[in-house]
Amino acid sequence: MGDVLAGFHAAWEFESDSVLIRYERGIRTPKLFQALGERRVPLEAIEGVTLTPGRRGTVVLRAELRPGADPLLEAAAGQLKESSDPYRLVLPAERETLAEYYADELRARLTESGPAERHLVAAPEVPLQFKAYDGKATFDGTAVSFRWFWTGASSAKWKAGDQRFPIGELSGVEWRSPEVFEGHLRLLRRDAADGTAGQADQDPAAVVFGLGYGPVHESLPFAGAVLAAVRNCAPVPAVSVAPARRDPADIAERIRHLGELHQAGLVTDEEFSAKKAELLSEL
């Protein structure tokens, strides 16, 4: 087709084997769209197209993706608000006839339906990072790391220490939107004893969100990228990695906070001594 249909916040370019969605950059454009930049959606990833009336004199063209075709939507698990749906194109009502033409053309090219056996839409590019309420999460493509903030992390996480999870040790990702109560990002481990998990603020394999921490446009692409890497990676044995040398001032601050936990009775004498020795060994 090779044509472009421009709407509010995005433009769809129809190609022979895919739809290239380019998102605008601007104050009114949802931040998730800006973070994504663009998405190339192979036709085999789409199972349907709808055109429905929108609000305030608009119409909405929407591509319905096959379950499991997009790691971003799989991670979102239906939690995205309608306004943040990356596959909705909102247009002025006077362009309804043109939108219907493209919808019909696109439907005629679709041949697949049902769950996809693999991700067909590319995951957000790494490296990625974001600040949660209790720590900083980073992903370099091979491992996820959590570095706890002394101002927000629970004593359980401080006792466990900063965490690093090679992708081969993970089985999935659990993302709970920061726009609802108890939002968090939890890494699901292959060696977990059972399928249950405790509170995210006590789990060293999870970071919790809060006001201004872990926003959708940062934490969801992160979750999608991790999920895609997990799906593409076969389990591998855990590899022992020597901790990197840390800033002495950072170590001193962590020991000070550990001392506060000890004085408050949240850390035993043995735990305090062991953790202090561990921190000093990183100098």
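Being a predicted model, the structure only gives us computed values, none of them experimental.

S.K.: What am I meant to see in the overall build of the protein chain here?
M.R.: Across its full length, the protein chain holds 7 helices and 14 strands. In the protein chain, which comprises 283 residues, the share counted as buried stands at 43%. Considering only contacts in the protein chain between residues 6 or more positions apart, those separated by 24 or more positions represent 61%. A total accessible area of about 14800 Å² is found for the protein chain, and carbon and sulfur atoms account for 51% of it. Seen as two clouds, the 33 positive and the 42 negative side-chain charges of the protein chain have centres 4 Å apart.

S.K.: When you look at the pairing of strand β9 (residues 135–139) in this model, what are you seeing that I'm missing?
M.R.: A regular strand places its side chains so that they alternate between the two faces of the sheet. Side chains of β9 alternate between two faces, with G135, A137 and F139 buried and K136 and T138 left unburied. As defined by bridge partners, strand β8 (residues 128–131) adjoins β9 across 4 bridges and the pair is classed as antiparallel. Bridge pairing in β9 links Q129 to T138. Between β8 and β9, which follow one another and run antiparallel, lie 3 residues. The pairing of β9 with strand β10 (residues 143–148) spans 5 bridges and is antiparallel. Its bridge partner lying in β10, T138 is registered against S145. In textbook terms, the turn of a hairpin is the stretch between consecutive antiparallel strands, and for β9 and β10 this stretch comprises 3 residues, one of which, G141, has a positive phi near 105°.

S.K.: Help me out: how do you make sense of the sheet that holds strand β5 (residues 46–53) in this one?
M.R.: The pairing of strands in a sheet happens through backbone hydrogen bonds and is either parallel or antiparallel. With antiparallel pairing, 3 strands are arranged side by side in an open sheet as β5-β6-β7. Every interior strand has two partners, whereas the edge strands, β5 and β7 (88–92), have only one. This sheet shows a mean twist of 15° between the axes of neighbouring strands, independent of strand direction. Pairing between β5 and strand β6 (residues 58–65): 7 bridges, direction antiparallel.

S.K.: Whenever I open this one, the pattern of salt bridges confuses me. Can you help?
M.R.: Side-chain pairs of opposite charge can arise where the charged atoms are in close proximity. By the definition in use, this model includes 15 salt bridges. Of the charged contacts, one joins K81 and E179 as a salt bridge, the two residues approaching to 3.9 Å between their closest N and O atoms. Linking K81 in the loop between α2 (71–76) and β7 with E179 in the loop between β12 (170–176) and β13 (184–189), this pair joins segments that are 98 residues apart in sequence. What makes E179 partly exposed here is its relative accessible area of 47%.

S.K.: Mind showing me how you'd approach the packing of aromatic side chains here?
M.R.: The final tally for this structure, using the stated rule, is 10 aromatic pairs. Residues Y101 and Y102 carry aromatic rings whose centres are separated by 5.2 Å and whose planes lie at 70° to one another, so their mutual orientation is edge-to-face. Residue Y101 is classed as partly exposed on the basis of its relative accessible area of 41%. Classification of Y102 by relative accessible area gives buried; the value is 7%. Look at F130 and F209: their rings are 6.0 Å apart centre to centre, the planes differ by 65°, and that puts the pair in the edge-to-face class. Linking F130 in strand β8 with F209 in the loop between β14 (206–208) and α5 (216–231), this pair joins segments that are 79 residues apart in sequence.

S.K.: I keep staring at the environment of L5 and nothing clicks. Help me out?
M.R.: Take L5: it is sitting in strand β1 (residues 4–6). Taking the C-alpha atoms as reference, L5 lies 23 Å from L73; in sequence the two are 68 residues apart.

S.K.: It is not clear to me how the environment of R256 should be interpreted in this structure. Could you clarify?
M.R.: With respect to the secondary-structure elements, R256 resides in helix α6 (residues 248–263). Taking relative accessible area as the criterion, R256 reaches 35% and is therefore assigned partly exposed. For the pair R256 and P204, spaced 52 residues apart in the sequence, the C-alpha separation amounts to 21 Å.

S.K.: Would you mind going over the side chain of S154 with me for this structure?
M.R.: Here S154 is to be found in the loop between β10 and α4 (155–160). Sequence-distant contacts of S154, that is, excluding residues within four places in its chain, are made with D201 and Q202.

S.K.: When you look at the layout of surface pockets in this model, what are you seeing that I'm missing?
M.R.: A water-sized probe rolled over the atoms picks out the places where empty space is left. Of the voids in this model, the second largest pocket is the one considered here, and its volume is about 450 Å³. H9, R55, S83, R88 and V90 are the residues nearest the centre of the second largest pocket, which is lined by 15 residues in total. When contributions to the lining of the second largest pocket are tallied by element, the ones reaching two or more residues are β6 and β7. Among the elements that take part in the lining of the second largest pocket, β7 stands out by supplying 3 residues, more than any other. Its residues assigned to classes, the lining of the second largest pocket comprises 7 nonpolar, 4 polar and 4 charged.

Rules of the game
- Residues numbered from 1 in each chain as written.
- Predicted model: local features only at pLDDT ≥ 70, side-chain atom pairs only at ≥ 80, totals over all residues.
- Heavy atoms only, no water.
- Helix = DSSP H or I, 4+ residues; strand = E, 2+ residues; numbered from the N terminus.
- Buried < 20%, exposed > 50% of the residue type's maximum accessible area, 1.4 Å probe, protein only.
- Contact = heavy atoms within 4.5 Å.
- Areas by Shrake-Rupley, 256 points an atom, 1.4 Å probe, with all protein chains shown as cover.
- Lys, Arg positive; Asp, Glu negative; His and termini not counted.
- Charge placed at Lys NZ, Arg CZ, Asp CG, Glu CD.
- Pairing = 2+ DSSP bridges.
- Axes fitted to C-alpha atoms, helices over the stretch in contact; angles between N-to-C directions.
- Salt bridge = Lys/Arg side-chain N within 4 Å of Asp/Glu carboxyl O.
- Phe/Tyr/Trp six-rings, centres within 6.5 Å; stacked < 30°, edge-to-face > 60°.
- 1 Å grid on protein atoms, 1.4 Å probe; cavity = no way out; pocket = protein on both sides within 12 Å on 5 of 7 lines; lining within 4 Å.
- Points joined across faces, edges and corners; volume = space filled by probe spheres on them.
- Nonpolar A, V, L, I, M, F, W, Y, C, P; charged D, E, K, R; others polar.

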